[in-house]
Amino acid sequence: MLEYLELDNVGPAPRMKIEFAPRVNLITGDNGLGKSFLLDTAWWVLTGAWPAEVNRRKTSGLPARPRNRHQRSAIRFRAHYANEPVGYGVAYSPTEEAWTPRGSERIDALIVYAHADGSFSVWDTARNNWPRLAPPVNPERRPPYVFTDAEVWDGLRAAVDGRKVPLCNGLLHDWSTWMKAGDANAKAMAQALRALSPNWEAGDRLEPGPPMRLSIDDARDIPSIRTNHAGDVPVLHASSGVRRVVALAYMLTWAWSEHRIAADLRGEEVVRQATMLFDEVESHLHPRWQRSMLTALRDVGRELLDGADLQLIASTHAPLVLGSAEHWFDTRKDAWFDLDLDGDPPEAHLRRRAFTPRGTPDAWLTSEAFDLPTNRSSIEAERAILRARELLRRPDASLNEVMEVHRELRGVLPDVDRSWVRWNAFVEARGGRP
């Protein structure tokens, strides 16, 4: 697993240090404070490649740059895979505008990165590492697989010996082929969809449907997805949320299948460890999916990767994602990290937070994860509540002030809001009429 990551003068903060837990790691924080940047850097230290450098069509996963180019910048990390510790530090060269070469140690693991924009990156030790015996002095490894969103569906090609060859045929081709053959990959894909469904036992499920044609002008057999409310729908016509889940199921199924093939060709054992990086777990997902996704990802190693130990490092903006972990979060296996702005001038700081169950999503809104002053849905309601709280603390509040805020509250709060009991008593005590 990835155990430790430290950044000096890199990214949005002067210094960041994080010690990862072996199972689930959650990262929260406002936009622009460095969640995606941390995931990109974690990918780089494990694979030695920035996603956007491998695939120039990607608009995320760009190489990290120093915060201040006139000061030394360094990245240090430590990992432990297949009982082999790996760790070193690298520095940034301003003259080369690049990081010093990473070490030559092997990372014997499968690394999957689900980017927020629907693209994916995959590192397969059986394909992307150099041979275990006598690695070359100047190793030239095959680059990892880096897909744009479209390439996940339509296939990924690369230039080899002057010609374009397919590295991956894509979801549309592979899934249709698997279903026609009824092979192990078809069963694995169905199992992945079952694991990622919101509530299989209650009928809220995703199942493979039969391949179908979209029109007489399109010769492709398009996989379909079956839900409990829409029947069989071509995946290209499915919603963004369903497509996101289907793409995730495919990439996990495909990556593990390709790893097993590559390991067999090289005479190696399949890996027993995997690390998954997931940016914005909740992207495109309805709340009922947000509640189930984290638990499904926690168990994906056992469910889909032949029992391999999986470490998950994920960012989220969703209270339901955090709340869904309350009944199983274990501080020996899991960790929550939060990015905040502190200081004058304000700077980003990363902290490991104590994970305290809060019971409801709105309680998470006012936690350190999101830092909202109230759990109100609108800015207008929040402003009115804060004004009311201020008056409640003032014994000299005039009746005119009280009634002005009262009218404001009437315009933004529903009659069933629990705040009315205390507020109406306060209005009556000041001589007003609620």
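Colleague: What is the right way to look at the overall build of the chain in this model?
Modeller: Along the chain, the regular secondary structure elements total 14 helices and 18 strands. Looking at the chain residue by residue over its 434 residues, the buried ones come to 50%. Within the chain, contacts between residues separated by at least 24 positions form 60% of all contacts whose residues are at least 6 apart in sequence. Total accessible area on the chain is roughly 20,900 Å²; 49% of this is exposed by carbon and sulfur atoms. The distance from the centre of the 56 positive side-chain charges to the centre of the 60 negative ones in the chain is 1 Å.

Colleague: Before we go on, may I ask you to explain unusual backbone geometry in this structure?
Modeller: Even without a glycine there, the phi angle at Glu 97 is positive, about 50 degrees. Its location among the elements puts Glu 97 in the loop between β5 (84-93) and β6 (98-99). Backbone geometry at Glu 280 places phi at a positive 60 degrees, although glycine is not the residue there. In this structure, Glu 280 sits in the loop between β15 (273-278) and α8 (287-298).

Colleague: Whenever I open this one, the pairing of strand β2 (residues 13-19) confuses me. Can you help?
Modeller: Relative to β2, strand β1 (residues 2-10) is paired through six bridges, and the arrangement is antiparallel. Opposite Val 10, over in β2, you have Ala 13 as the bridge partner. Between the antiparallel neighbours β1 and β2 lie two residues, among them Gly 11 with a positive phi of about 80 degrees.

Colleague: Any chance you could explain the environment of His 259 here in plain terms?
Modeller: Counting through the fold element by element, His 259 comes out in helix α7 (residues 240-265). In sequence terms His 259 and Asp 340 are 81 residues apart; their C-alpha atoms lie 38 Å from each other. Leaving out residues up to four positions away in the same chain, His 259 has contacts with Asp 124, Thr 125, Ala 126, Val 270 and Val 271.

Colleague: Looking at this structure, I do not really get empty space enclosed by the protein. What am I missing?
Modeller: Over the atoms a probe the size of a water molecule is rolled, and this reveals where empty space is left. Taken as a whole and assessed by the stated rule, the structure comprises one cavity of 30 Å³ or more. Put simply, the largest cavity is a space of about 30 Å³. Arg 244, Val 245, Leu 248, Phe 278, Val 281, Leu 285 and Met 293 together form the lining of the largest cavity. Among the elements that take part in the lining of the largest cavity, α7 stands out by supplying three residues, more than any other. Among the residues making up the lining of the largest cavity, the classes are represented as six nonpolar, no polar and one charged.

Colleague: Can you walk me through the side chain of Thr 253 in this structure?
Modeller: Within the fold, Thr 253 resides in helix α7. Residue Thr 253 is classed as buried on the basis of its relative accessible area of 7%. A polar contact of 2.8 Å, which involves the side chain of Thr 253, links it to the backbone oxygen of Ala 249. The contacts of Thr 253, once residues within four sequence positions are left out, are Trp 178, Asn 185, Ala 188, Met 189 and Ala 192.

Colleague: Mind showing me how you'd approach the nonpolar core here?
Modeller: Most often, soluble globular proteins keep nonpolar side chains buried together rather than apart. If you look at the biggest cluster of nonpolar residues, it comprises 68 residues, and the most contacted ones within it are Val 246 and Met 276. Looking at this core element by element, the count peaks at twelve residues for α7. Among residues more than four places away in sequence, those in contact with Val 246 are Trp 153, Leu 171, Trp 175, Met 189, Leu 193, Ile 225 and Val 235. Core analysis: the second largest hydrophobic core is formed by 42 residues, Leu 46, Ile 75, Tyr 92 and Leu 350 among them.

Colleague: Explain the pairing of strand β11 (residues 163-168) to me, please; I cannot follow it from the model alone.
Modeller: On a regular strand, one side chain projects to one face of the sheet and the next to the other, so that they alternate. Relative to β11, strand β10 (residues 156-160) is paired through five bridges, and the arrangement is antiparallel. Bridging from a neighbouring strand, Arg 157 pairs with Pro 166 of β11. From the end of β10 to the start of β11, which pair antiparallel, there are two residues, and Asp 161 there has a positive phi angle of about 55 degrees.

Colleague: What am I meant to see in the packing of aromatic side chains here?
Modeller: Aromatic ring pairs are defined here through the distance separating the ring centres and the angle between the ring planes. All chains considered together, the criterion is met by 15 aromatic pairs. Ring geometry for Trp 43 and Tyr 113: centres 6.2 Å apart, planes at 40 degrees, overall tilted. Of this pair, Trp 43 sits in helix α1 (residues 35-47) while Tyr 113 sits in strand β7 (residues 110-114), placing them 70 residues apart in sequence. We note that Trp 43, like Tyr 113, is buried. Pairwise contacts between aromatic rings join Trp 44, Trp 50, Tyr 92 and Trp 99 into one cluster. Positioned above the aromatic ring of Trp 153, the side-chain terminus of Arg 243 is 4.3 Å from the ring centre.

Each value, and the rule that gives it
- Residues numbered from 1 in each chain as written.
- Predicted model: local features only at pLDDT ≥ 70, side-chain atom pairs only at ≥ 80, totals over all residues.
- Heavy atoms only, no water.
- Helix = DSSP H or I, 4+ residues; strand = E, 2+ residues; numbered from the N terminus.
- Buried < 20%, exposed > 50% of the residue type's maximum accessible area, 1.4 Å probe, protein only.
- Contact = heavy atoms within 4.5 Å.
- Areas by Shrake-Rupley, 256 points an atom, 1.4 Å probe, with all protein chains shown as cover.
- Lys, Arg positive; Asp, Glu negative; His and termini not counted.
- Charge placed at Lys NZ, Arg CZ, Asp CG, Glu CD.
- Pairing = 2+ DSSP bridges.
- 1 Å grid on protein atoms, 1.4 Å probe; cavity = no way out; pocket = protein on both sides within 12 Å on 5 of 7 lines; lining within 4 Å.
- Points joined across faces, edges and corners; volume = space filled by probe spheres on them.
- Nonpolar A, V, L, I, M, F, W, Y, C, P; charged D, E, K, R; others polar.
- Polar contact = N/O pair within 3.5 Å; in protein donor to acceptor, adjacent residues only side chain to side chain.
- Core = buried A, V, L, I, M, F, W, Y, C linked by side-chain atoms within 4.5 Å.
- Phe/Tyr/Trp six-rings, centres within 6.5 Å; stacked < 30°, edge-to-face > 60°.
- Lys NZ or Arg CZ within 6 Å of the ring centre and 35° of its normal.

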